[in-house]
Structure formats: C-alpha cells, structure tokens
Amino acid sequence: MHIAFIGLGNMGAPMARNLLKAGHALTVFDLNPTALSALQADGAAVAPSARKAAAEADFVITMLPAATHVRATYLGPEGVLAGVRPGVPLVDSSTIDPATIRALAAEAKRQGNPIADAPVSGGTGGAQAGTLTFMVGAEPTLFEQLKPVLSCMGRNIVHCGDTGTGQVAKICNNLILGISMIGVSEAMALGVKLGIDAGVLAGIVNTSTGRCWAADTCNPYPGVIETAPASRGYSGGFGADLMLKDLGLATDAARSVRQPLFLGALAQQIYQAVSQAGDGHLDFSGVIRQYQAKEEPKA
Ligand code: NAD
C-alpha cells in the first residue's frame, strides 16, 4: 500500500520505519529537513508538502505535537485535505483534544475522506519495537480498514468507539498516570524521610494495595527499579512537559462538559512547577524532586 506519513519526530520516525519494514511504500513529510533525510536514507520518498505527500497516497497517517499542528497539516493551503483523493482514509495518531479531531472529521467528511483518531501509548520504546497500543476512534468499517496498517506499528489495536473516543481514552489514562506518579512520589519521599529504605518500601508497596505502574515499573526513587528513568537521571522517558500537555487536554475537555477534576487540576499545577524549575524535558517521575528540600541530596 502507498502510505503518506507526516510528522517524523521521536514517535513518528520509528513508526514510519516499521511501515517500511512491513513492505509498504512510503512518502513522508516533516518541517524538519534532517528528519526527512533520515527516512529517505531508509527508503521513503520525500514530498515538499503535506498536500503533495497525500496526493498519491492510499492512506495518510499524521503524528504531530499538538492540535495547532494537526489543524495546519490538514486544513492549510498546503495541507492534506487540499491534496488527498476522495475516499482515502486518514489517521491522526497525535495526542490532541477530542473536539479538534471531531471538527476535523466533519471537514474531511465533506470531501469524502473518513478520518480516525488513533493516539498511542507505549512511548518511543514501543514505537521502535512496533508494540504500541493504538486507541482508535472510528466508524466500525473504517476501523476494520485501518487495523492491518496499524498492526505494522503496534501490538494492541483497540476500537474505543466513534471519532474522538480514542483521544478520550488516551487523556483519561494519562490523567490516572499523572496523578498516580505524584502519589507514589509523595509516599516514597515521606517513607525515606521517616527512615525506611527506598527499596524495602517499594517492595512492600508493590506486593500491597499501593501497587501501580508508577510504583512497580517507573518508580521515581533512583535505584529502586534499574530500568526506570529515575535510575538514569530521569532521562529517556516521558517528558514532564508532555504530561503537562496531556493534563491540560484533560482539564480543558472536562471544562467543556462541566465535569470537576479535583486531582487532575492539582496535578497539572504540580507538573507546571516541574516545568518552571527547568525539568520539563526530564521524565515525569522527576516530580519526586518537588518533595525534596534544597539541602537534601536529590533523589
Ligand atoms: P516530536 O516533537 O518529537 O515530533 C513531532 C514532529 O512533527 C517533528 O519532527 C516536527 O518537525 C513535526 N511537525 C510539526 N509541525 C509540523 C507540520 N505542520 N508539518 C509537518 N511536520 C510537522 O513529538 P513526538 O514525541 O513524536 O510526539 C508526537 C505525538 O505523540 C504528540 O502528540 C505526543 O503527545 C504523542 N505521544 C508521544 C509519546 C512520547 O513518548 N514521545 C508517547 C505517546 C504519545
């Protein structure tokens, strides 16, 4: 199949490579020429715009930072909708708000293009290994059509419901994740301050009712989990700024339906403090540093 792939960043580039490996013909576009050259070296054709990339494609995938980039890429004069043939399915895998993808779907439908939201979880490791989870919002026939293509990049392709529900699933999951990481950080910092060894405490939590992914896989205390970002200076994980973005999506979406998010709103402010402290590029588990006094050795 001839696929147009737009947005070749930390996630998009390895996802596009997995499509090439699966034997698909790829035309790629990104604003960053270095990202384009790297994919070209791997066998992709390069287009000068999203419009040109989409023009010959049987399938279009986008993986962009935020809603503003998604709108520009689909609706701009050099965008996907200006070039794509009617009937070609479109998939946006960026994490954005449900309202934007629903508005875009109405626009795309007018010219005969079905569109799905398919945000992912699994991080850059999952993108490289082709083991991502896709949370798909699409009409059932479109879901069946795009499943074989998404399967080249992911292990779990989950149909969440109609357009927008993939984003709903994604922001609700990350709402839990952002809050639970703060809870684990608070408890680990308190336990150590009160004199228990961090490894012993984590061992108890992870065989007790406090157990969760933030405690047993990505524990924020250094040295507790060898493979966690905390054990390598909080590098190479899921940036606190990305968590801040996702909590912003959750609180905005909640406001649109007058749904209170007590802890979500507080968590958003705590990650904002992490970002203000200059740690937004570090893994979000670095939020534990908010609990450590300046004179203490940092976790
Ligand atoms: P990134 O910033 O590394 O990459 C985004 C790419 O989009 C860049 O190469 C940029 O040049 C390109 N771009 C921006 N505007 C463009 C435009 N108008 N036309 C063409 N290209 C454009 O971001 P990422 O880490 O790859 O994340 C992409 C999306 O996936 C985000 O919505 C993010 O929240 C989500 N996500 C990221 C992770 C992660 O661990 N990084 C995990 C799950 C989901």
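Thresholds, definitions, all that
- Residues numbered from 1 in each chain as written.
- Predicted model: local features only at pLDDT ≥ 70, side-chain atom pairs only at ≥ 80, totals over all residues.
- Heavy atoms only, no water.
- Near = heavy atom within 4 Å.
- Polar contact = N/O pair within 3.5 Å; in protein donor to acceptor, adjacent residues only side chain to side chain.
- Areas by Shrake-Rupley, 256 points an atom, 1.4 Å probe, with all protein chains shown as cover.
- Nonpolar A, V, L, I, M, F, W, Y, C, P; charged D, E, K, R; others polar.
- Domains from an automatic or database assignment.
- Buried < 20%, exposed > 50% of the residue type's maximum accessible area, 1.4 Å probe, protein only.
- Helix = DSSP H or I, 4+ residues; strand = E, 2+ residues; numbered from the N terminus.
- Pairing = 2+ DSSP bridges.
- Right-handed = clockwise from strand over helix to strand, strands pointing away.
- UniProt positions renumbered as here; feature names shortened; annotations may be inferred.
- Axes fitted to C-alpha atoms, helices over the stretch in contact; angles between N-to-C directions.
- Parallel < 35°, antiparallel > 145°, perpendicular 65-115°, else oblique.
- Contact = heavy atoms within 4.5 Å.
- Expected span 1.5 Å × (residues − 1).
- Arc of directions from axis to C-beta.

### Examining the site of the ligand
Piece 1. Lining the immediate surroundings of the ligand are 25 residues, of which Asn10, Met11, Asp30, Pro65 and Lys245 lie closest.
Piece 2. The contact in question runs from an oxygen atom of the ligand to an N or O atom on the backbone of Met11, over 2.9 Å.
Piece 3. A distance of 2.9 Å is found between an oxygen atom of the ligand and a side-chain nitrogen or oxygen belonging to Lys245.
Piece 4. Burial of the ligand by the surrounding chains reaches 85%, relative to a free accessible area of 840 Å².
Piece 5. The residue inventory of the shell around the ligand, partitioned by class, reads 11 nonpolar, 11 polar and 3 charged.
Piece 6. Looking at which domains feed residues into the shell around the ligand, each of domain 1 (2-161) and domain 2 (168-291) supplies at least three.

### Digging into the pairing of strand E2 (residues 25-29)
Piece 1. When you tally the buried positions in E2, you get 4 out of 5 residues, the bulk of the element.
Piece 2. Here strand E1 (residues 2-6) runs beside E2; their pairing, made up of 5 bridges, is parallel. Its bridge partner lying in E2, Ile3 is registered against Leu26.
Piece 3. One crossover worth recording links E1 to the parallel E2 by way of helix H1 (residues 12-21), and it is right-handed.
Piece 4. Sheet topology note: the E2/strand E3 (residues 45-46) ladder contains 2 bridges and is parallel. Across the sheet, Thr27 pairs through a bridge with Ala45, a residue of E3.
Piece 5. Of the crossover connections in this fold, the one passing from E2 over helix H2 (residues 33-41) to the parallel E3 is right-handed.

### Describing the pairing of strand E4 (residues 59-62)
Piece 1. Side-chain alternation along E4 places Phe59 and Ile61 on one buried face and Val60 and Thr62 on a second face that is also buried.
Piece 2. Sheet topology note: the E1/E4 ladder contains 4 bridges and is parallel. Paired with Ile6 across the two strands is Thr62, which belongs to E4.
Piece 3. Bridge analysis of E4 against strand E5 (residues 90-92) gives 3 bridges, and the strand direction is parallel. Of the residues in E5, the one forming a bridge with Val60 is Leu90.

### Looking at the UniProt feature "domain: 3-hydroxyisobutyrate dehydrogenase-like NAD-binding" (unreviewed entry) in the protein
Piece 1. Sites flagged by UniProt as "domain: 3-hydroxyisobutyrate dehydrogenase-like NAD-binding" (unreviewed entry) map to residues 164-290.
Piece 2. In this annotation, residues 164-290 is assigned 57% helix and 0% strand; the end-to-end C-alpha distance for the span is 34 Å.

### Details of the packing of helix H4 (residues 67-75) against helix H6 (residues 98-110)
Piece 1. Relative to each other, H4 and H6 sit at 5 degrees, their axes nearing to 11 Å. By the angle class used here, H4 and H6 are roughly parallel. Between H4, through Ala67, Val70, Arg71, Tyr74 and Leu75, and H6, the contact on the second element is made entirely by Thr100, Leu104 and Glu107.
Piece 2. Grouping the constituent residues of the contact of H4 with H6 by class yields 5 nonpolar, 1 polar and 2 charged.

### Points about helix H13 (residues 262-276)
Piece 1. With 15 residues, H13 extends 22 Å between its outermost C-alpha atoms, agreeing within 8% with the 21 Å of an ideal straight helix rising 1.5 Å per residue.
Piece 2. What H13 keeps buried is the set Gly264, Ala267, Gln268, Tyr271 and Val274. The buried residues of H13 occupy one face: seen down the axis, they fall within an arc of 115 degrees. The outward face of H13, more than 90 degrees from its buried face, is lined by the exposed residues Phe262 and Gln276.
Piece 3. Residues of H13 that are buried sit in contact with helix H9 (165-193) and helix H12 (240-256).
Piece 4. Taken from the residues just after H13, Gly278 is the one with a positive phi, measuring 90 degrees.

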